[in-house]
Each structure stands twice: as C-alpha cells, then as structure tokens.
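# Examination of the molecular architecture
What follows is each chain in one-letter form.
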Amino acid sequence: MRTTRMGPAEMAARFGTVSDSILDAVGGTPLLEIEGVYAKIEFLNPSGSIKARIAKYMIERAEQEGLLKPGDTIVEATSGNTGNALSMVAAVKGYRMLVVMPEGLSSERVAISRAYGADVLFCGNFHVNEALVRAQRLGQQPGYFCPGQFESEWNVEENRLLLGPEILAQLPPGRVPDALVLGVGTGGTLIGVGQAFREVNPNVRLFAMEPSESCTILCGEIAAHTIEGISDGFVPGIFQRHATLVNDVLSVSSADAVREMKRLARSYGLFCGPSSGAHLLAAKRVRENFPELKTVVTAFCDEGEKYLHEYFMQPAAVDVGATHFR
C-alpha cells in the first residue's frame, strides 16, 4: 500500500474557509491501493457510508424540482445506511425524517438515525421488501417525499457525475479502470460509476457482487446473510433497467466477508463493514481470474462502528491474547 501525505495546499483546496455545514464534507474520500486493488474509502463520508453522497444529491435535486418544502417529511425504505445518511441531511436542512426499515439489522444503524432526530418505523424482517412498499405509499401522501433510492435515476446520476469522475481523477497518471467490482444494494453505484468508467475505457468490465447465501440476481435465491446493505430481498429497479451493462455476477460468503473485514482493521487500520471485506475478496478474485485486468476498482462502503454489537463487543477480559495490567 502506497503511503501518501496531504500537504497544507491540498487541505486548503477543500476546506480553505469556514464550511456551511457538515454536508460540505461529503465526497473527497481517499483512494487506496490495497493488495493490488484500488479501494475508494467511502466510510469516511459523514454519516459513515457511501450513501451520504446520494442522500445529499437526491434531496438537493428534489428541492430544485420543488418536490420538498419546509416542514415536509422525507420517508425512505432502507437497510440502514441510506436511512442514516438521509437523517443527517434532513437534520441539516430542517426536514422531518421517517426511516422505514426491517427488523433484524444492525442496532447501530437504528441508533444513528435516531441520533439525527429521525423516527424509525420497523416493517418486515431483514429484507427490505415490505418496508419498500410502505415507504412508497407514505411518499404519495401530502407533506411526504420518498426519494426512491432503489428506482431513482438521480442515484445513478450522482455516481456517474460525481463519484465516478472523482475516482478517475485519483488513479495514477496513465491508468484507466479495467474492472469495477461492487455489491448491489440499489445498483446505483455499480451502474453510475460504471457509466463514468466506460467513457474513458469502453471495455471496462463491471462485476456485481452478492452474498453466496442469497444469490438473488444470479439465481433468484432470497435468504438471510450478514453482508448488510446488499441483496435486500429483490432485484432493484435500477439494476433491472441497466443489467446489460454488467458483465458478470460474483458471490462471497458472509463468513468470509466478516473475516476479511476484521483483517482489514487489524492489518491496515481500515475499520469498515462486512461488505468491504466482501468487495476486497471479490476484487482479488477478479485479478486472479482475469490477469489482463490490471486496474481493478472497488469501494469500502461503510464504517465498522455500525457493527460493534455483532462482532466487536465481547468483554475485554475474554478476548484472545488480552493483556492484563495491575
């Protein structure tokens, strides 16, 4: 992994004066080369995930289109990260926020949305199907706005116009992406960034990733897994509309993803979630199976703090290798 240092001039270029709000910190995340893979470190966004990007973008687009007015309530179906991100945006902009999510997911995600002042409505278990129907119905009522992250082309647009070009600008001089490997939550990141990459390399290959326990895209399976934020129980509309852009679908087991997540923290100081571990495993597999693809890009999408209770809250006294001091 290359070591880089941001100098005063680079810092000033982004935060050279007083910012208007925390939303000014959305984007501008590092791109790291890790074990031959270029990983965009998206858990450094405020709200702790890549979803801060589409939350800010979609709400500001809705404001421009006159779809939101003071006092309105934003309502969205989510497995957690988009709910956190929209709750943050709503807090900054003065909207009410209703997060509609299934039970059985990370308790930290629920707590984070509530910390931003959002109400949380539980609907269904683990998969987002029931929550999606409920949010869509509420969004049609007066005083409510549903961004519709699983369907909205604004989701794709943000990734094509902002995140994709940001990654391209960070790659080493002369490098163009040969492959993009990402899990499918909404499909917006894979499709939108993939579209941006295709503008500089028409032959770039797009690899969708999903849990091996729930290969919904590949074979219609729907089951519980622990790679939260992807494979939410259905094939998103965004992915269905743009499926011809995707070259292949890979699967990674939940157990392998969690082990790799923990290794990333201990080996690189990257405290991220299970999907990040799955992304790195899938990306390395692409490099091994397709050696002609020299520049493989992925993203580490959310922070490990959202999974403390599931994986990291064992008592220190029983932790393997714990050192005790008197």
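Everything here concerns the structure above.
Overview of the structure. Values in this document were obtained by computation on a predicted structure and should not be read as measured data. (Residues numbered from 1 in each chain as written. Predicted model: local features only at pLDDT ≥ 70, side-chain atom pairs only at ≥ 80, totals over all residues. Heavy atoms only, no water.)

## Brief notes about the sheet that holds strand E6 (residues 144–145)
Let me state the cut-off plainly: At least two DSSP bridges between two strands are needed for those strands to be called paired. A helix here means a DSSP run of H or I that spans at least four residues, while a strand means a run of E at least two residues long, and both kinds are numbered starting from the N terminus. The contact rule is simple, with two residues in contact once any of their heavy atoms fall within 4.5 Å. Axis geometry follows a simple rule: fit a line to the C-alpha atoms, using only the stretch in contact for helices, then measure angles between N-to-C directions, giving values from 0 to 180 degrees.
In spatial order, the strands read E5-E4-E3-E6; together these four strands make up an open sheet with parallel pairing. Two strands close off the open sheet at either side, each with one partner strand: strand E5 (119–125) and E6. Relative to E5, strand E4 (residues 96–103) runs parallel, the two being bridged by five bridges. Looking at the pairing, Val100 lines up with Leu121 of E5. In this fold helix H5 (residues 129–139) packs onto strand E3 (73–77), E4, E5 and E6, with an angle of close to 155° to the strand it touches most, E3.

## Quick word on the side chain of Ser106
Rule in force here: Throughout, exposure labels follow a simple rule: accessible area from a 1.4 Å probe, protein chains only, divided by the maximum for the residue type, with under 20% read as buried, over 50% as exposed, and the rest as partly exposed. What qualifies as a polar contact is a pair of N or O atoms within 3.5 Å, subject to a donor-acceptor requirement within protein and to the restriction that residues adjacent in sequence count only when both atoms come from side chains.
Tracing the backbone through its elements, the reader meets Ser106 in the loop between E4 and helix H4 (107–115). The exposure class of Ser106 is buried, given its relative accessible area of 0%. Only 3.3 Å separates the side chain of Ser106 from the backbone nitrogen of Glu108, close enough to count as a polar contact. Residues in contact with Ser106, not counting those within four places in the same chain, are Glu228, Lys306, Tyr307 and Glu310.

## Details of helix H3 (residues 81–93)
Defined as follows: To estimate how far a helix should extend, the number of its residues minus one is multiplied by 1.5 Å.
Under the 1.5 Å per step criterion, the end-to-end length of H3 is 18 Å for 13 residues, consistent within 8% with the ideal 18 Å. Where burial is concerned, most of H3 is hidden: ten out of the 13 residues are buried. Among the residues making up H3, those that are buried are Asn81, Thr82, Gly83, Asn84, Ala85, Leu86, Ser87, Met88, Val89 and Ala90. In this structure, the buried side of H3 is in contact with helix H2 (51–64), E3, E4 and H4. Note on H3: the residue one or two positions beyond its end, Gly94, has a positive phi of about 85°.

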